[in-house]
Amino acid sequence: SAMVLYGVVVVGPPGAGKSTMCAGLARYMELMKRPCAVVNLDPACEETGLTAFSVDVRNLCRVDEVMRTEKLGANGGLMYCVAQMRASPWLLERLAALGDENG
């Protein structure tokens, strides 16, 4: 039978420790010999170096690039990227591939 996948969604303001928590959880899962994938759903995420993402939505759409090319502000750029995520099969395909790798 297929392995059941679980997820943890981490949200918070900049500097709250989201990347630190994700890096620690991923390390714990590694030590427990459990498969773990860290997925970045924030197209405005700045590089932290703490976490290696298995899937990174910035490969589909980056707020900084959208702001420049579409001449949008930060909120408009974020809304544009969210619309791209919803309209494209890109994210679902990559999440499905994670399940295939771990199942």
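Residues numbered from 1 in each chain as written. Predicted model: local features only at pLDDT ≥ 70, side-chain atom pairs only at ≥ 80, totals over all residues. Heavy atoms only, no water.

J.: What is the right way to look at the packing of helix α2 (residues 63-70) against helix α3 (residues 74-87) in this model?
T.: In a packed pair of helices, the relevant descriptors are the angle between the two axes and the axis-to-axis distance. Relative orientation of the contacting elements α2 and α3 amounts to 110°, with a least axis distance of 8 Å. What the angle tells us is that α2 and α3 run roughly perpendicular. Packed against α2, whose contacting residues are Val 63, Val 66, Met 67 and Glu 70, the element α3 presents Ala 74, Gly 77, Leu 78, Tyr 80 and Cys 81 at the interface. Looking at the contact of α2 with α3, its residues break down into 7 nonpolar, 1 polar and 1 charged. (Axes fitted to C-alpha atoms, helices over the stretch in contact; angles between N-to-C directions. Helix = DSSP H or I, 4+ residues; strand = E, 2+ residues; numbered from the N terminus. Parallel < 35°, antiparallel > 145°, perpendicular 65-115°, else oblique. Contact = heavy atoms within 4.5 Å. Nonpolar A, V, L, I, M, F, W, Y, C, P; charged D, E, K, R; others polar.)

J.: Help me understand the state of the cysteines in this model?
T.: Simply put, the disulfide is a covalent bond whose two ends are the sulfur atoms of two cysteines. Under the counting rule described, the total for this entry stands at 1 disulfide. Each sulfur in the disulfide pair Cys 61 and Cys 81 lies 2.5 Å from the other. Given an S-S torsion of about -75°, the disulfide between Cys 61 and Cys 81 has left-handed geometry. Here Cys 61 is found in the loop between β2 (55-56) and α2, whereas its partner Cys 81 is found in helix α3, with 20 residues between them in sequence. Looking at Cys 22, it has no disulfide partner, and the nearest cysteine sulfur is the one in Cys 36, 8.6 Å off. (Disulfide = S-S within 2.5 Å.)

J.: When you look at the nonpolar core in this model, what are you seeing that I'm missing?
T.: Soluble globular proteins tend to pack their nonpolar side chains together in the buried interior. In this structure, Val 55, Val 57, Met 85, Trp 90, Leu 91 and Leu 98 together form the largest nonpolar core, which totals 6 residues. Setting aside residues up to four positions removed in sequence, Val 55 forms contacts with Val 38, Val 39, Asn 40, Trp 90, Leu 91, Arg 94 and Leu 98. (Core = buried A, V, L, I, M, F, W, Y, C linked by side-chain atoms within 4.5 Å. Buried < 20%, exposed > 50% of the residue type's maximum accessible area, 1.4 Å probe, protein only.)

J.: Help me understand the side chain of Arg 58 in this model?
T.: Relative to the elements of secondary structure, Arg 58 occurs in the loop between β2 and α2. Side-chain polar atoms of Arg 58 contact the side chain of Asp 56, separated by 2.5 Å. Residue contacts for Arg 58: discarding those within four places in its chain leaves Asn 40, Asp 42, Pro 43, Cys 45, Glu 46, Glu 47 and Phe 53. (Polar contact = N/O pair within 3.5 Å; in protein donor to acceptor, adjacent residues only side chain to side chain.)

J.: Sorry, what's going on with the pattern of salt bridges here?
T.: A full pass over the atoms with the stated rule returns 5 salt bridges. Between Arg 27 and Glu 30 there is a salt bridge, with the nearest N and O atoms lying 3.2 Å from each other. Of this pair, Arg 27 and Glu 30 both sit in helix α1 (residues 18-31), 3 residues apart, roughly one helical turn. We note a salt bridge from Arg 62 to Glu 65, for which the minimum N-O separation is 3.9 Å. Among the residues examined, Glu 65 registers a relative accessible area of 39% and is labelled partly exposed. (Salt bridge = Lys/Arg side-chain N within 4 Å of Asp/Glu carboxyl O.)

Remember that the coordinates give geometry; whether it matters functionally is a separate question.
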